[in-house]
Amino acid sequence: TLSYMEQLLKIKKEIGDKRGMANAYNKMGIIYTNQSNSKQALSYYQRALKIREKIGYKRGVADSYNKIGIIYKNQVRTL
């Protein structure tokens with residue numbers, strides 16, 4: 001659930017685990033996607049992307065872009 005991810009994020013921040021922080025943001029984005037809250041999901045995917053780019057985690061960057069792309073693709077379908 002979202003509260004568990006928030007707790008996980010707090011711990012990852014405290015220990016300075018950037019990759020873990022990005023993964024927590026990504027999982028929060030997934031939760032919001034599943035709740036059909038695209039705006040919040042996009043926000044969390046972008047936070048994950050920023051960290052992943054900063055630490056050079058290429059596979060994570062690709063995953064973030066993929067999730068962001070899916071959000072935008074689904075928004076076009078609803079127009």
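Rules of the game
Residues numbered from 1 in each chain as written. Predicted model: local features only at pLDDT ≥ 70, side-chain atom pairs only at ≥ 80, totals over all residues. Heavy atoms only, no water. Phe/Tyr/Trp six-rings, centres within 6.5 Å; stacked < 30°, edge-to-face > 60°. Helix = DSSP H or I, 4+ residues; strand = E, 2+ residues; numbered from the N terminus. Buried < 20%, exposed > 50% of the residue type's maximum accessible area, 1.4 Å probe, protein only. Lys NZ or Arg CZ within 6 Å of the ring centre and 35° of its normal. Expected span 1.5 Å × (residues − 1). Arc of directions from axis to C-beta. Contact = heavy atoms within 4.5 Å.

> Hey, could you run me through the packing of aromatic side chains in this one?
For any two aromatic rings, the description comes down to two numbers: the centre-to-centre distance and the angle of the planes. Evaluation of the coordinates by the stated rule reveals two aromatic pairs. Centre to centre, the rings of Tyr25 and Tyr44 are 6.0 Å apart; their planes meet at 35°, and the pair counts as tilted. Residue Tyr25 is found in helix H2 (residues 18-34), and its partner Tyr44 is found in helix H3 (residues 38-55); the two are separated by 19 residues along the sequence. Judged by its relative accessible area of 9%, Tyr25 falls in the buried class. Looking at Tyr44, the relative accessible area reads 10%, which means it is buried. Arranged with centres 5.5 Å apart and planes meeting at 10°, the rings of Tyr32 and Tyr44 form a pair that is stacked. Pair noted here: Tyr32 is in helix H2 and Tyr44 is in helix H3, with a separation of twelve residues, a long-range link. Taken as a pair, Tyr32 and Tyr44 share a single burial class, namely buried. An aromatic cluster of at least three residues, connected via ring pairs, comprises Tyr25, Tyr32 and Tyr44. For Arg19, the ring lying beneath its charged end belongs to Tyr57, and the centroid distance is 3.6 Å. Just above the ring of Tyr44 sits the side chain of Arg47; from NZ or CZ to the centre is 4.5 Å.

> Is there a simple way to think about helix H4 (residues 58-77) in this case?
For the α-helix, the turn length of 3.6 residues means that residues three or four positions removed from each other point alike. Here H4 contains 20 residues, and its C-alpha end-to-end distance of 29 Å stays within 8% of the 28 Å for a straight helix at 1.5 Å per residue. All of the buried residues along H4 are Gly60, Val61, Ser64, Lys67, Ile68 and Ile71. Taken around the axis of H4, the buried residues stretch over an arc of 130°, which confines them to a single face. More than 90 degrees from the buried face of H4, the exposed residues found are Lys58, Arg59, Val76 and Arg77. The inward-facing, buried residues of H4 contact H2 and H3.

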